[in-house]
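# Notes for the structure review
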Amino acid sequence: MIYLFWGEDKAAKEERITEIKKKNFTSADALKFDYELLHGSKLDPAVLKKSLIALPAISKRRLILIRAVEKLNAQNKKIILDFIQAEN
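Everything numeric here is computed off the predicted structure, so don't read it as measured data. (Residues numbered from 1 in each chain as written. Predicted model: local features only at pLDDT ≥ 70, side-chain atom pairs only at ≥ 80, totals over all residues. Heavy atoms only, no water.)

Below, the discussion takes up the side chain of Ser 51. As for its placement among the helices and strands, Ser 51 is situated in helix H3 (residues 45-53). Of the polar contacts made by the side chain of Ser 51, one reaches the side chain of Glu 36; its length is 2.8 Å. Not counting chain neighbours up to four residues away, the residues in contact with Ser 51 comprise Glu 36, Leu 38, Arg 62 and Ile 64. (Helix = DSSP H or I, 4+ residues; strand = E, 2+ residues; numbered from the N terminus. Polar contact = N/O pair within 3.5 Å; in protein donor to acceptor, adjacent residues only side chain to side chain. Contact = heavy atoms within 4.5 Å.)

Here is the structure:
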């Protein structure tokens, strides 16, 4: 499942992210192993690829949060688009 939060309401976005974490991660270990925070402004394409193909360790799903997604370079944007298309 892919979520896209867009807009200036940071509090609403953070609230929704917290809800998703609570729903999918029932333990601190699950959050530690199956949640990853990346930053679009300084994201290495190899790290992004590795994050996207990694399987969940404890939970049913992994959560990858990309902050500053608008700052992704063209290569990272293509990686994400290719990943989304492959999932469909």
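Still more ground to cover, so stick around.
Secondary-structure assignment places Arg 67 in strand S2 (residues 63-67). Separated by 28 residues in sequence, Arg 67 and His 39 have C-alpha atoms that sit 4.8 Å apart. Ignoring any residue separated from it by four or fewer positions in sequence, one finds Arg 67 in contact with Glu 14, Ile 17, Leu 37, Leu 38, His 39 and Gly 40.

Attention now moves to the pattern of salt bridges. Inspection of the entire model under this criterion finds four salt bridges. One salt bridge in this structure joins Glu 14 and Arg 67, with 2.5 Å as the shortest N-O distance. On the criterion of sequence distance, the pair formed by Glu 14 in helix H1 (residues 10-24) and Arg 67 in strand S2 is long-range, its members being 53 residues apart. Classification of Glu 14 as partly exposed rests on a relative accessible area of 32%. Ionic pairing is found between Glu 36 and Arg 62, a salt bridge with its closest N-O pair at 2.8 Å. A residue pair is termed long-range when its members are at least 10 positions apart, and Glu 36 in strand S1 (residues 35-39) and Arg 62 in the loop between H3 and S2 qualify at 26 residues. Overall, Glu 36 belongs to the partly exposed group, its relative accessible area being 24%. (Salt bridge = Lys/Arg side-chain N within 4 Å of Asp/Glu carboxyl O. Buried < 20%, exposed > 50% of the residue type's maximum accessible area, 1.4 Å probe, protein only.)

Turning our eyes to something else, we now look at H3. Of the residues making up H3, those classed as buried are Pro 45, Leu 48, Ser 51 and Leu 52. Each buried residue of H3 sits inside an arc of 125° when the element is viewed along its axis, so together they form one side. Seen from the open side of H3, the exposed residues pointing more than 90 degrees away from its buried face are Lys 50 and Ile 53. Tucked inside the fold, the buried residues of H3 contact S1, S2 and helix H4 (74-87). You can read the cap of H3 off the contacts: a side-chain oxygen lies 2.7 Å from the backbone nitrogen of Ala 46, and it is on Asp 44. (Arc of directions from axis to C-beta.)

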